[in-house]
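Notes for the structure review
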Amino acid sequence: MPGRAGDRLRAAEREYASDRYESAPPPRRGNERPRPAERAAERPGARSRTAAPAGRDSKLRGVLAVAGIFLLTLAGCGIDSFVGTGLGLITLVALAAGTAMAALLVRRRDLLTVVVAPPLVFVLVAVVNAALAPSATLNAATLATLLVRGFPTMVAATGVALLLALFRLVSRR
């Protein structure tokens, strides 16, 4: 048919002309109401409740993140106790690495949980270490010594969590 728009296009344009119109929704008729999905798409800045942006929103809950920090720190503590004496550098690296991973992977609303977790996790790991160590007795003096020696570890891990949480809040990640 001589009046068709596709006939008037050049060969290169003819090849891609149908691609431009297939992705667009069909036009609405005069009295049709827009569908809810179309209304949501028309609003600026609106997101669908069912579809999260790909790769942006994590589903990791704060409790699971803290459990992961605890398990990783406990493994580091076990290695540290086997290799050396007490809670040392391996425990520090394990606690800081676990906290950093948790701060990057947790849901944004659970960031505060990860920020306050390192001292609590360290105390729990120190109690488990003192309870399981055959040569140590679990009393107030032993626990106080572990906490005083572990203070730099707790501060470093909390600082890592705080910096990464601020980064995520500022960059909206």
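Cut-offs and rules
Residues numbered from 1 in each chain as written. Predicted model: local features only at pLDDT ≥ 70, side-chain atom pairs only at ≥ 80, totals over all residues. Heavy atoms only, no water. Helix = DSSP H or I, 4+ residues; strand = E, 2+ residues; numbered from the N terminus. Buried < 20%, exposed > 50% of the residue type's maximum accessible area, 1.4 Å probe, protein only. Contact = heavy atoms within 4.5 Å. Areas by Shrake-Rupley, 256 points an atom, 1.4 Å probe, with all protein chains shown as cover. Core = buried A, V, L, I, M, F, W, Y, C linked by side-chain atoms within 4.5 Å. Axes fitted to C-alpha atoms, helices over the stretch in contact; angles between N-to-C directions. Parallel < 35°, antiparallel > 145°, perpendicular 65-115°, else oblique. Left-handed = near helix turned anticlockwise from the far one by under 90°. Nonpolar A, V, L, I, M, F, W, Y, C, P; charged D, E, K, R; others polar. pLDDT = per-residue confidence, 0-100. Salt bridge = Lys/Arg side-chain N within 4 Å of Asp/Glu carboxyl O.

Right, let's get into the overall build of the protein. Scanning the protein from terminus to terminus reveals 8 helices and 0 strands. Element order for the protein, N to C, with α for helix and β for strand: α-α-α-α-α-α-α-α. Put simply, the protein has 173 residues, and 25% of those count as buried. The contacts in the protein between residues at least 6 apart in sequence include a share of 67% that link residues at least 24 apart. Summing over all exposed atoms, the protein offers an accessible surface of approximately 12,300 Å²; the carbon and sulfur share of this is 64%.

A few words on the nonpolar core. Within the largest apolar cluster, 25 residues are counted, with the highest numbers of intra-cluster contacts made by Ile69, Leu87, Leu95, Val114 and Val121. When residues of this core are traced back to their parent elements, those giving at least two are α4 (62-83), α5 (89-105), α6 (111-132) and α8 (151-171). Broken down by element, the residue count for this core peaks at 9 residues, all from α6. Apart from the residues within four sequence positions on either side, leucine 87 is in contact with Cys77, Asp80, Phe122, Ala126, Asn129 and Leu146.

The packing of two helices is summarised by the inter-axis angle and the distance between the axes. Axis separation between α6 and helix α7 (residues 140-149) bottoms out at 10 Å; the angle between their running directions is 135 degrees. The angle between the axes of α6 and α7 places the two elements in the oblique class. The element α6 and its partner α7 pack so that their crossing is right-handed. Residue-level inspection shows Phe122, Val123, Ala126, Val127 and Ala130 of α6 in contact with α7, the latter providing Thr142, Leu143, Leu146 and Leu147. Split by residue class, the contact of α6 with α7 holds 8 nonpolar, 1 polar and no charged.

For the rest of this paragraph, the subject is the confidence of the model for the protein. Here the protein averages 78 in pLDDT, while 66% of its residues score no lower than 70. Across the protein, the element-wise mean pLDDT spans from 55 in helix α2 (residues 11-22) up to 93 in α5. A low-confidence stretch, residues 48-54 (pLDDT under 50), is modelled with 2 contacts involving residues beyond four sequence positions or located in other chains.

Once their charged atoms are close, side chains differing in charge can pair, the charge on each being opposite to the other. With the rule as written, the count across this model stands at 1 salt bridge. Here arginine 107 and aspartate 110 are joined by a salt bridge, their closest N and O atoms 3.0 Å apart. The burial state of arginine 107 is the same as that of aspartate 110; both residues are buried.

What follows is about the packing of α4 against α6. Where α4 contacts α6, the axes come no closer than 9 Å and their chain directions differ by 40 degrees. By the angle between their axes, α4 is oblique relative to α6. Note on packing geometry: the crossing formed by α4 with α6 is right-handed. Each of Gly62, Ala65, Val66, Ile69, Phe70, Thr73, Leu74, Cys77 and Ser81 in α4 lies in contact with α6, whose residues at this interface are Thr113, Val114, Ala117, Val121, Leu124, Val125, Val128 and Asn129. Partitioned by chemical class, the residues of the contact of α4 with α6 number 12 nonpolar, 5 polar and no charged.

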